[in-house]
Amino acid sequence: MTWPHAEAVTVDFIRCITDFNQQQFDDLDVTAGASSSYERLRQQEMDGRWDTCYLRWLDDDQLRVAIPIHKCRCTSWPDPAYDPRGWDLPDAVRAHCAPSTSLMLAGCSGRRSGLHADRIASGQTQLRQLLARIAARAADEGRCIIFPYMFSSAVEVLSASSDRVEPPCP
């Protein structure tokens, strides 16, 4: 990967939100508000239906990105609204969106969430590289990636990092 100041950059997966500085985490994406805050995600980690980790980009001591990644521990989706097989997706995609074969990025609780990337990371190619790292992890685990429940600002950042030109869903 290409990183500015590579000697001071750490990119890794973190198991627990308490490994982050709370203020830095909450400052990453203020558009999501309380539903995607440090405290809310800390509570989400205690929900036994989900196994949560985070992809972190740390530049010196400054947190740039903290993308929540959720795996469902259940054999069926905790709520039918979570089930991507009921969403407007191509049949071939929908068939593979079982809890055991999915990683949910950003949110998993039915509340909209943010991407947790600062303005510097949101506009750079590094975010694309971070998403590729998540995709590689998903592929290693035989999982697909689902981006549910995101605020428009997070969808716009994802679209820009993936060269996607479709407008975000309302």
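All values reported here derive from a predicted model rather than from experimental measurement.

A separate point is the overall build of the chain. A tally of regular secondary structure across the chain gives 6 helices and 5 strands. Starting at the N terminus and walking to the C terminus, you meet the elements of the chain as β-α-α-β-β-α-β-α-α-β-α. Counting every position in the chain, which comprises 170 residues, the buried fraction comes to 44%. Residue pairs at least 24 apart in sequence account for 73% of intrachain contacts in the chain once pairs closer than 6 positions are excluded.

Here the focus is unusual backbone geometry. A positive phi angle, near 60°, is found at D60, a position not held by glycine. Checked against the element boundaries, D60 lands in the loop between strand 2 (50-59) and strand 3 (62-72).

On to the layout of surface pockets, then. In this structure, the second largest pocket encloses a volume near 210 Å³. As for the second largest pocket, its lining consists of 13 residues, and the residues nearest its centre are L28, D29, A117, D118 and R119. Put simply, the parts of the chain that give the lining of the second largest pocket at least two residues each are helix 1 (22-28), helix 4 (119-122) and helix 6 (152-161). Per-element accounting of the lining of the second largest pocket gives the leading share, 3 residues, to helix 6.

Calculation criteria
Residues numbered from 1 in each chain as written. Predicted model: local features only at pLDDT ≥ 70, side-chain atom pairs only at ≥ 80, totals over all residues. Heavy atoms only, no water. Helix = DSSP H or I, 4+ residues; strand = E, 2+ residues; numbered from the N terminus. Buried < 20%, exposed > 50% of the residue type's maximum accessible area, 1.4 Å probe, protein only. Contact = heavy atoms within 4.5 Å. 1 Å grid on protein atoms, 1.4 Å probe; cavity = no way out; pocket = protein on both sides within 12 Å on 5 of 7 lines; lining within 4 Å. Points joined across faces, edges and corners; volume = space filled by probe spheres on them.

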